[in-house]
Amino acid sequence: MMERLWNRKPSIQAPRIVGRLALAPLLALASPAIAASEESTSAPMYYLKTFGPKGDITASLTWGLLAIAAGVSVLMSVLVIVAMFRNGRSSMATPGSPLPIAHPPGGHRWIYLGLALTTLVLIALVIWTMDVLAEIDEPAGEPAFTIEVTGQQWWWEARYVDPDDPSRSFVTANELHIPVGEPVRITLASRDVIHSFWVPALAGKTDVIPGQTNETWLQADREGVYRGQCAEYCGLQHAHMALRIFADAPEAFQAWWDHQLEPADEVPEGSELLAVGERQFRLQCGACHAVRGTLAGGEAGPDLTHLMDRTTIASVTLPNTPGHLSGWIADPQHQKPGTTMPNPDLSGPELNAIRHYLETLD
Amino acid sequence: MRRLIHPALALAACLLAFAGCSESGGDGAVSDRKDQAARGAELIAAKGCGTCHEIPGIDGATGRVGPPLDHMGDRMFIAGMIRNTAENMQVWLTDPQSVVPGNAMPDTGLEADEAEDVAAYLESLR
């Protein structure tokens, strides 16, 4: 009996929930900026609370349309009910004789009035919608740089492009940093099938279509982490094709960009474990993954030069911890069945060495 | 003839006995052990043990990389090398490479007291 109780899950989870509830107000007080972060909200894909100009204006339109639709529904229901009771007194027809056709005066007036009112409201809504579409088409100011995002089964490649200095370009994956309060241009291409780029707290969806480059932009007005998600079914692991947008303070963003430009640190002399790890990585993983500054230069999978700067792996499927990383490298087909990453043919010591090596890529 | 025990009294005695049963769950050492196991379960989820191991009671712990950890409290050996005692489990969890050099299990960065919690959870898997 005792052991049964011990093994039951609810008894394990209860303290955690209570702990979170108790901590929540404290956290909110400690750092208001964190309130926008993905971790602190139970609904990271919620799109009615937005944190940027593009999302804000669209959310107002959504609320407005919802209010008008609700109002029209109520009005029509009331009119139908009133009509039922007003004409309730008409006599029943006798069998065999046709129903008397009544032409009460003024009946057409209701139709003309209804048509006119509906047309006016619809025209107003079209104008409002067009205005919002025009508003979100381009940001208020010219974006300082572009992120070229390539969607593919099932992750996001991101190439940062500085228009003034081509040498300041670099590639990363799945976790995009942007400076808070500034618009960023995003171009979207696909390497395989149709995907859709969606960061609900910041903007609506933009489809990612093979053979053409779509354009969108993002701006976050509050620091924090925003979750994005592929929003067009794209195959087996569509649900595990997520991304994270980090809105950083401008200095932190600049430091991040500068750091991303650096090649990986060289393996220190005398560390046999890391030397083995680097060699095994190059042989087993380097055909698909790049670590800039080494001979591993594959382009089929994410660039891992600064893997330890990321909070998650496998397109935000798993947290980036040594435990999750080990399991992912050893058996990606179990974590994300169908993923293009194959299960590698590694011995235990080789896996251990590769993981140690990856942990140095900060 | 008078009854030896009044029915209401008998009922009260029964209730007291049941109350005693449920209170025994709050007994110091046992509830400490349960708290430890509960913290251990959270750590197991956070550190990603389930990416490699199948672990009863942990959400998503369905890994096929390492051995399943069901009945871990009843198993004789850890890593086929050392006896399955609480102390040995903590050594294995905090520094697996010292037990079997080169093996695939990573040091997941558990502190000593955290390893104790995780070991308590694994020990509870009978």
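Here the structure is a predicted model, which means the values were calculated and not measured.

Moving on: helix α7 (residues 322–330) of chain A. One turn of the α-helix equals 3.6 residues, which is why residues spaced by three or four share an orientation. Within α7 of chain A, nine of the nine residues are buried, which leaves it mostly tucked inside the rest of the structure. Those residues of α7 of chain A that are buried lie in contact with β11 (312–313), β12 (318–319), α8 (332–335) and α9 (348–358) of chain A together with α2 (28–47) of chain B.

A few words now on the sheet that holds strand β6 (residues 195–198) of chain A. All names here are of chain A. Strand order in the open sheet made by the five strands is β4-β10-β9-β6-β7, with mixed pairing throughout. With one partner strand each, in any of the chains shown, β4 (175–179) and β7 (206–208) form the two edges of the open sheet. Between one strand axis and the next, the sheet turns by 25° as a mean value, whatever way the strands run. Of the strands in this sheet, β4 and β10 (242–248) touch helix α5 (residues 250–261), which is tilted by about 135° from β4.

A separate point is the sheet that holds strand β8 (residues 214–218) of chain A. Residues and elements named next belong to chain A. Within the open sheet, the five strands sit side by side as β3-β2-β1-β5-β8. Their pairing is mixed. Each having just a single partner strand, β3 (170–173) and β8 make up the two edges of the open sheet. The mean inter-strand angle of the sheet, taken between neighbouring strand axes irrespective of direction, is 25°. Bridge analysis of strand β1 (residues 146–152) against strand β5 (residues 184–190) gives six bridges, and the strand direction is parallel. Bridging across to β5, Glu 148 finds its partner in Thr 187.

Moving on to a nonpolar patch on the surface. All names here are of chain A. On the surface, Ile 68, Val 72, Leu 75, Met 76, Leu 79, Trp 110, Leu 113, Leu 117, Val 121 and Trp 128 cluster together to form a nonpolar patch covering roughly 930 Å² of accessible area. Among the secondary structure elements, those contributing two or more residues to the nonpolar patch are α3 (53–86) and α4 (107–137). Note that Ile 68 resides in helix α3. Taking the relative accessible area as the measure of exposure, Ile 68 reaches 31% and is therefore partly exposed.

Here the focus is unusual backbone geometry. Across residues other than glycine, the phi torsion is negative in most instances, and most of the peptide bonds are trans. Residues and elements named next belong to chain A. The step from Gln 153 to Trp 154 runs through a cis peptide bond, and the omega angle for that step is -10°. Its place among the elements puts Trp 154 in the loop between β1 and β2 (155–161). Notably, Ser 315 is not glycine yet its phi reads approximately 60°, a positive angle. At Val 316, a residue that is not glycine, the phi angle is positive and equals roughly 65°. Here Val 316 lies in the loop between β11 and β12. Classification of Val 316 by relative accessible area gives buried; the value is 11%.

Residues and elements named next belong to chain A. Extensive coverage of β5 is indicated by the burial of six of its seven residues. Looking at chain direction, β5 and β8 are connected through five bridges and run antiparallel. Residue Leu 188 lies in a different strand from β8, and its bridge partner there is Asn 214.

To continue, consider the interface of chain B and chain A. On the side of chain A, 24 residues touch chain B, which itself brings 32 residues to the contact. The junction of chain B with chain A conceals about 2200 Å² of combined surface from both sides, 62% of it contributed by carbon and sulfur atoms. When the buried area of chain B at its contact with chain A is split by residue, Lys 34, Glu 42 and Thr 51 of chain B rank highest and sum to 21% of it. Between chain B and chain A we count zero salt bridges in total.

With numbering matched to this structure, UniProt assigns "transmembrane region" (unreviewed entry) to residues 61–85 and 110–130 of chain A. As a span, residues 110–130 of chain A carries 100% helix and 0% strand, and end to end its C-alpha atoms are 30 Å apart.

Once that is clear, we can look at a negative patch on the surface. Among the surface-exposed residues, Glu 262, Asp 265, Glu 266, Glu 269 and Asp 362 of chain A lie close enough to one another that they form a single negatively charged patch. Tracing the chain through its elements places Asp 362 of chain A in the segment after α9.

With that out of the way, let us pick up the pattern of salt bridges. Scanning the model with the defined rule gives 15 salt bridges over all chains in all. Residue Arg 168 of chain A is joined to Asp 162 of chain A by a salt bridge in which the shortest nitrogen-to-oxygen separation is 3.6 Å. Glu 123 of chain B is paired through a salt bridge with Arg 33 of chain B; the nearest N and O atoms lie 3.5 Å apart. Taken together, the residues span a long stretch of sequence, with Glu 123 of chain B in helix α5 (residues 112–123) and Arg 33 of chain B in helix α2 at a distance of 90 residues. Linked by salt bridges that have partners in common, Glu 138, Glu 142, Arg 185 and Glu 215 of chain A make up one network.

This paragraph deals with the packing of helix α3 (residues 86–94) of chain B against α5 of chain B. Residues and elements named next belong to chain B. For the pair α3 and α5, interaxial distance at closest approach is 9 Å and the crossing angle is 120°. Considering their axes alone, α3 and α5 lie oblique with respect to each other. Crossing hand, α3 versus α5: right-handed. Here Ala 86, Met 89, Gln 90, Leu 93 and Thr 94 of α3 come into contact with α5, specifically with Ala 115, Glu 116, Val 118, Ala 119 and Leu 122. Grouping the constituent residues of the contact of α3 with α5 by class yields seven nonpolar, two polar and one charged.

Quick look at the side chain of Gln 152 of chain A now. All names here are of chain A. Take Gln 152: it is sitting in strand β1. A residue is classified by how much of its surface remains accessible, and Gln 152, at 4% relative accessible area, is buried. A polar atom in the side chain of Gln 152 sits 3.3 Å from the backbone oxygen of Thr 150. Reaching out from Gln 152, the side chain makes a polar contact with the side chain of Arg 191 at a distance of 2.9 Å.

The rules we used
- Residues numbered from 1 in each chain as written.
- Chains lettered and ligands numbered in written order.
- Predicted model: local features only at pLDDT ≥ 70, side-chain atom pairs only at ≥ 80, totals over all residues.
- Heavy atoms only, no water.
- Buried < 20%, exposed > 50% of the residue type's maximum accessible area, 1.4 Å probe, protein only.
- Helix = DSSP H or I, 4+ residues; strand = E, 2+ residues; numbered from the N terminus.
- Contact = heavy atoms within 4.5 Å.
- Pairing = 2+ DSSP bridges.
- Axes fitted to C-alpha atoms, helices over the stretch in contact; angles between N-to-C directions.
- Patch = residues over 30% accessible without salt bridge, like charges linked within 9 Å, V, L, I, M, F, W, Y side chains within 5 Å.
- Areas by Shrake-Rupley, 256 points an atom, 1.4 Å probe, with all protein chains shown as cover.
- Salt bridge = Lys/Arg side-chain N within 4 Å of Asp/Glu carboxyl O.
- Buried area = accessible area lost by both parts, 1.4 Å probe.
- UniProt positions renumbered as here; feature names shortened; annotations may be inferred.
- Lys, Arg positive; Asp, Glu negative; His and termini not counted.
- Charge placed at Lys NZ, Arg CZ, Asp CG, Glu CD.
- Parallel < 35°, antiparallel > 145°, perpendicular 65-115°, else oblique.
- Left-handed = near helix turned anticlockwise from the far one by under 90°.
- Nonpolar A, V, L, I, M, F, W, Y, C, P; charged D, E, K, R; others polar.
- Polar contact = N/O pair within 3.5 Å; in protein donor to acceptor, adjacent residues only side chain to side chain.

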